[in-house]
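Overview (structure and organization)
Each chain, letter by letter, is given below.
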Amino acid sequence: MQGLLEPATFEVNPGQDEILKSCYEELAEFGFSLEPFGARTYLVRAVPGLLADSWAGMLRELLDSLSGETRSHWEEKIVASIACHGAVRSGQALSDDEMRELVRQLEQAANPHTCPHGRPTIIHLSSGQLEKEFGRS
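Our subject in this report is the structure included herewith.

The rules behind these values
Residues numbered from 1 in each chain as written. Predicted model: local features only at pLDDT ≥ 70, side-chain atom pairs only at ≥ 80, totals over all residues. Heavy atoms only, no water. 1 Å grid on protein atoms, 1.4 Å probe; cavity = no way out; pocket = protein on both sides within 12 Å on 5 of 7 lines; lining within 4 Å. Points joined across faces, edges and corners; volume = space filled by probe spheres on them. Helix = DSSP H or I, 4+ residues; strand = E, 2+ residues; numbered from the N terminus. Nonpolar A, V, L, I, M, F, W, Y, C, P; charged D, E, K, R; others polar. Buried < 20%, exposed > 50% of the residue type's maximum accessible area, 1.4 Å probe, protein only. Contact = heavy atoms within 4.5 Å.

Some points on the layout of surface pockets
Taken as a whole, the second largest pocket spans an internal volume of roughly 230 Å³. Looking at the second largest pocket, it is lined by 13 residues, and the ones nearest its centre are E76, K77, A80, S81 and H117. For the lining of the second largest pocket, the secondary structure elements donating two or more residues are α3 (55–66) and α4 (74–85). Among the elements that line the lining of the second largest pocket, the one with the most residues is α4, at seven residues. Tallied by class, residues from the lining of the second largest pocket come to five nonpolar, five polar and three charged.

Let's talk about the side chain of T41
By the secondary structure assignment, T41 is in strand β3 (residues 41–47). In this structure T41 comes out as buried when scored by relative accessible area, which is 12%. When residues no more than four places from it in sequence are discounted, the contact partners of T41 are T9, F10, E11, E35 and P36.

Have a look at this one:
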């Protein structure tokens, strides 16, 4: 959980408001500190640490995606959404220590071969494929 320096307001549409009221406790478990602040407006005091800069878009997308889901799948959707939006992006610079830690965490994951959406996180290149890419075959 990362506290915001200043609370932010977050306005939602009627459908998102209904979902947000229903999954309020689940969001709190994952680091969101939200409180009602008028009609369909919430005051956000803290967000998951991974989402410090991108929480608003992620939360809006999540609320939209939860509207068609059964409540039993909400926790999984919340976790996947936080993981996806908090992920290292292509071209993002990392220090050597950050890269080592990322690989260490990936090695400990229950399913290290794909992201929550099923895209690969690891690929296998044979010696022959590497030689071909470097013009050695």
